[in-house]
Amino acid sequence: MSENLKNILIVKLSAIGDVIHALPVSYAIKETFPDAKLTWVVEPPAYDLLKMNPCVDKIILFEKKEFKTFSGFVKRFFPFKKIIQSESYDAVLDLQGLFKSAAIAFFAKSNIKLGICNMREMSNTVSTPVIGEHAQGHIVERYLDTARAIGCRVDKVVFPIEIPREEIYNAREIMKQAGLDENKPYFVFAIGANWNNKRWRTDFFAEFGNWLYSVKVTPVIIGGGQVDFSRAADIYSAMEKSPVNLVNKTNLMQLAYVIKKARLVLGGDTGPVHLAAGLGVRTVMLMGPTDANRNGPYGQIENAIEVDRDCKGCWKRACPKNEDCLENISVQQVREKILSIK
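Residues numbered from 1 in each chain as written. Predicted model: local features only at pLDDT ≥ 70, side-chain atom pairs only at ≥ 80, totals over all residues. Heavy atoms only, no water.

Asker: When you look at the overall build of the protein chain in this model, what are you seeing that I'm missing?
Answerer: Check the secondary structure of the protein chain and you find twelve helices and twelve strands. Taken against the 2.2 N^0.38 rule, which gives 20 Å for 342 residues, the C-alpha radius of gyration of the protein chain at 21 Å falls within 12% of a compact globule. The buried share of the protein chain, reckoned over its 342 residues, is 54%. In the protein chain, of all internal contacts separated by at least 6 residues, the share reaching a separation of at least 24 is 61%. When the accessible surface of the protein chain is split by element, carbon and sulfur atoms take 48% of a total near 15900 Å². Within the protein chain, one finds 45 positive and 38 negative side-chain charges whose respective centroids are separated by 3 Å. (Helix = DSSP H or I, 4+ residues; strand = E, 2+ residues; numbered from the N terminus. Rg over C-alpha atoms; globule rule 2.2 N^0.38 Å. Buried < 20%, exposed > 50% of the residue type's maximum accessible area, 1.4 Å probe, protein only. Contact = heavy atoms within 4.5 Å. Areas by Shrake-Rupley, 256 points an atom, 1.4 Å probe, with all protein chains shown as cover. Lys, Arg positive; Asp, Glu negative; His and termini not counted. Charge placed at Lys NZ, Arg CZ, Asp CG, Glu CD.)

See the structure below:
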């Protein structure tokens, strides 16, 4: 591979947790090729992550929903293609490995197109899968194998995240209005997840929140959307003392600050919990349908609690047995895990 790559394109569109896992690739590229221009194609939900990433020089926004109708596709396709083809790239890294990312990689001008080890939906016909030494390891390392394949050294794994000063100020104001003192110890509850079977029971969160108050730690609920709003209301009503509720009150940059100042973050396999691990915050992840070896909190795999079921790690979005996947993870287990963390 060339020792002097000058223009590199990363295609990693979603979801937030997946984009967080890919951030170290950008650091590895800049560490090895400091003068390289790095462009990243991403979907709107994860856009703010890249705005906080000093290693990314240019962000191309892919509005997937605009392409879903025939009229939208006709209207958006050629302008988007023009943006992608406005320059040539020394290398294209498809870290999504799906049809939608393959379509973008296909139109990019480059002789070198590489992808992750487990590409799907015919994406391997556009980009060559990199089957590196970490092909069976954590997803962060699988992504980094693509960076290694273009000659990047990976001396250390860094999640490049810099929260803008203005958003720090805004986050502090939001916390203050919610009654949260950032100088006093608090734990963050990431109560949501895209998959229903990745969510811990609300009454378990409430019971754990009551215990936190008894040891003078404030529980703080985070999340976004109607489902998280309803779950937060259930936790709120079940607790003896009201937790701080920040659901739907922060953007991603402000949320990063709330997480960064926390003593610990607790939740399922979901974006905010991976963000906590990336920020170096103590993280306890409750896992059922996904496994810690691939998706656990990076750098803190020992802090993952995997459900005691024979079918754990099934990677199914809904339980075929109609069971509450994480129900077998008790509040006592979580307490013991947290008390064991140094």
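After presenting the structure, the write-up continues.
Asker: Before we go on, may I ask you to explain helix α1 (residues 16–32) in this structure?
Answerer: Along an α-helix, a turn takes 3.6 residues, which lines up residues three or four apart on a common side. With 17 residues, α1 extends 25 Å from end C-alpha to end C-alpha; this agrees with the ideal 24 Å at 1.5 Å per step. Most pronounced at Ala-22, the bend in α1 amounts to some 25°, and the proline Pro-24 follows within four residues. Along α1, 14 of the 17 residues are buried, which leaves the element largely enclosed by surrounding structure. (Expected span 1.5 Å × (residues − 1). Bend = angle between axes of the 7 residues up to and from the residue.)

Asker: Sorry, what's going on with the nonpolar core here?
Answerer: Across soluble globular proteins, you tend to see nonpolar side chains buried next to one another. Core analysis: the biggest nonpolar cluster contains 66 residues, and Val-25, Ile-29, Trp-40, Ile-150 and Ile-259 have the highest contact counts within it. Leaving out residues up to four positions away in the same chain, Ile-259 has contacts with Ile-222, Val-265, Pro-272, Leu-275, Ala-276, Leu-279 and Val-281. Counting 29 residues, the second-largest nonpolar core is a separate cluster that includes Trp-200, Ile-235, Val-247 and Val-284. (Core = buried A, V, L, I, M, F, W, Y, C linked by side-chain atoms within 4.5 Å.)

Asker: I'm lost on the environment of Ala-190 in this one. Help?
Answerer: For Ala-190, the position within the fold is in strand β7 (residues 186–190). Among the residues examined, Ala-190 registers a relative accessible area of 4% and is labelled buried. Aside from chain neighbours lying at most four places away, what touches Ala-190 is Phe-205, Ile-222, Leu-266, Gly-267, Gly-268, Thr-270, Pro-272 and Val-273.

Asker: Mind showing me how you'd approach the pairing of β7 here?
Answerer: When a strand is regular, its side chains alternate between the sheet's two faces. Where burial is concerned, most of β7 is hidden: five out of the five residues are buried. Taking every second residue as pointing to the same face, both faces of β7 are buried, with Tyr-186, Val-188 and Ala-190 on one and Phe-187 and Phe-189 on the other. In this sheet, strand β10 (residues 264–268) lies alongside β7 in parallel orientation, the contact comprising four bridges. For Val-188, the partnering residue across the bridge sits in β10 and is Val-265. (Pairing = 2+ DSSP bridges.)

Asker: Sorry, what's going on with the pairing of strand β11 (residues 283–287) here?
Answerer: With five of five residues buried, β11 lies mostly within the body of the structure. Residues Thr-283, Met-285 and Met-287 of β11 are buried on one face, and the alternating residues Val-284 and Leu-286, pointing to the opposite face, are buried as well. Where β10 lies against β11, four bridges are found, and the strand directions are parallel. Its bridge partner lying in β11, Leu-266 is registered against Val-284. Looking at chain direction, β11 and strand β12 (residues 304–306) are connected through three bridges and run parallel.

Asker: What exactly am I supposed to notice about the sheet that holds β11 here?
Answerer: Paired through backbone hydrogen bonds, the strands of a sheet run either parallel or antiparallel to each other. The six strands are arranged β9-β8-β7-β10-β11-β12 in an open sheet whose pairing can be described as parallel. A strand with exactly one partner marks an edge of an open sheet, and here the two such strands are β9 (244–245) and β12. Contacts between helix α10 (residues 271–278) and the sheet are confined to β7, β8 (218–222), β10 and β11, with β11 contributing the most and set at about 145° to the helix. (Axes fitted to C-alpha atoms, helices over the stretch in contact; angles between N-to-C directions.)

Asker: Just to check I follow, could you spell out the side chain of Gln-300 for this structure?
Answerer: The residue Gln-300 is located in the loop between α11 (292–295) and β12 in this model. Since its relative accessible area comes to 11%, Gln-300 is described here as buried.

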